[in-house]
Amino acid sequence: MAVIYDRVALIGLGLIASSMAHAMRRAGVAGQIVGTARSAETRAVAAELGFCDRVVETASAAAEGADLVVLCVPVGAMGALARDIAPVLKPGATVTDVGSVKRAVIEAVAPHIPVGVHFVPAHPMAGTEQSGPRSGFAELFDNRWTLIVPEAAEAAAVDRLEALWHALGAHTERMEVEHHDLVCAIVSHIPHLIAYTMVGVADDFRRVSEQEVVKFSAGGFRDFTRIAASDPSMWRDVFLTNKEATLEILGRFTEELFVLQRAIRQGDGDHLFDYFTHTRAIRRGIIEAGQDTDAPDFGRSTKPGSGR
Ligand code: NAP
């Protein structure tokens, strides 16, 4: 495949950045990949694994001269990063991000982007509960969706970033920012919150011993514990920055839960049966759409050996 960007800077070298690097190498679409991370430890691991052509010490050193700069840090850290790299951005370069929330990232990053540099926010709807540079793998984005939120970006810059995501194996869809944040609250953010809560409840419920929780945890609860192992900084930032949409969906979820609670209390089996028949049909629709490993961003099972 032809090179799409001569030089790509990856800032933050965790699951998403390292997977992008592996996938860019697989597709041959980046002339050179330069990476950096906050800690010396992460930089050393990335250098050892060799998924970047060069690992440098600072975000500015990575971004200088890059044709594409990808911000791959937690949502709450993106604004300060954009401010730091702004003076070195090359005219005509594109800055993008992979953050799970878009309104907050755009508000934090866009004011720092110099005139003549394109800003094209994006969000790959793929992930695992693993984090760090050892957790990435080239297939992470295969057949998954990357949502692109072009806002006012120039069409050619958006087309080029979209071509990169296609080369990484993803489907893409362009989306308006508020819609993105609402969709992600439904398919990813609230499901994570429910998993965190359920694991917390089980932990609180001391009458069920820890051994029993581990020993008898079949599919449902085990999946919750896997999802609840996701990176705490990332998920803290998601809820702090997608407050409006997550609170709206959480309100709807609570209402629905009360209806089911009443059906259970009143022994209304018909209601429960109809409800579960409806949800089963939704699951079948997801499988038919080829998104059957897990809901997007909801923690695809970790490949053996891919975790740190
Ligand atoms: P990760 O594996 O935890 O890696 C995060 C990277 O960001 C690390 O290199 C870390 O540096 C750096 N970092 C953390 N806090 C920072 C700060 N305050 N300032 C500067 N750098 C900081 O995370 P990830 O899963 O790749 O997620 C990265 C982004 O992708 C997040 O915005 C997340 O919302 C988004 N995303 C994640 C998923 C998912 O399922 N994981 C899916 C889609 C999108 P050190 O290692 O040096 O600490």
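Quick caveat, the model's predicted, so the values are computed rather than measured.

1. Quick look at the nonpolar core
If you look at the biggest cluster of nonpolar residues, it comprises 40 residues, and the most contacted ones within it are Leu10, Met20, Met24, Phe141, Leu164 and Trp165. For this core, the elements supplying multiple residues, two or more each, are β1 (5–11), α1 (15–27), β2 (30–36), β4 (68–71) and α6 (155–167). Looking at this core element by element, the count peaks at eight residues for α1. The contacts of Met24, once residues within four sequence positions are left out, are Val8, Leu10, Val29, Ala30, Ile33, Leu164 and Leu168.

2. With respect to the site of the ligand
Surrounding the ligand, one finds 28 residues, the nearest of these being Arg38, Ser39, Thr42, Val73 and Ser100. In the model, an oxygen atom of the ligand is placed 2.8 Å from a nitrogen or oxygen of the Leu15 main chain. At 2.5 Å, a side-chain N or O of Thr42 approaches an oxygen atom of the ligand. For the ligand, whose free accessible area comes to 890 Å², the fraction covered by protein is 86%. For the shell around the ligand, the secondary structure elements donating two or more residues are α1 and β7 (122–124). Across the shell around the ligand, the residue classes break down as 14 nonpolar, 11 polar and three charged.

3. Re the packing of helix α7 (residues 177–204) against helix α10 (residues 232–241)
In the contact formed by α7 and α10, the axes pass within 11 Å of each other and the chain directions differ by 120°. For the element pair α7 / α10, the angle class is oblique. α7 and α10 meet at a crossing whose hand is left-handed. Across the interface between the two elements, Ser188, His189, His192, Leu193 and Tyr196 from α7 touch Trp235, Val238 and Phe239 from α10. Partitioning the contact of α7 with α10 into residue classes produces five nonpolar, three polar and no charged.

Definitions and limits used
- Residues numbered from 1 in each chain as written.
- Predicted model: local features only at pLDDT ≥ 70, side-chain atom pairs only at ≥ 80, totals over all residues.
- Heavy atoms only, no water.
- Core = buried A, V, L, I, M, F, W, Y, C linked by side-chain atoms within 4.5 Å.
- Buried < 20%, exposed > 50% of the residue type's maximum accessible area, 1.4 Å probe, protein only.
- Helix = DSSP H or I, 4+ residues; strand = E, 2+ residues; numbered from the N terminus.
- Contact = heavy atoms within 4.5 Å.
- Near = heavy atom within 4 Å.
- Polar contact = N/O pair within 3.5 Å; in protein donor to acceptor, adjacent residues only side chain to side chain.
- Areas by Shrake-Rupley, 256 points an atom, 1.4 Å probe, with all protein chains shown as cover.
- Nonpolar A, V, L, I, M, F, W, Y, C, P; charged D, E, K, R; others polar.
- Axes fitted to C-alpha atoms, helices over the stretch in contact; angles between N-to-C directions.
- Parallel < 35°, antiparallel > 145°, perpendicular 65-115°, else oblique.
- Left-handed = near helix turned anticlockwise from the far one by under 90°.

Just distances and angles here, no functional claims.
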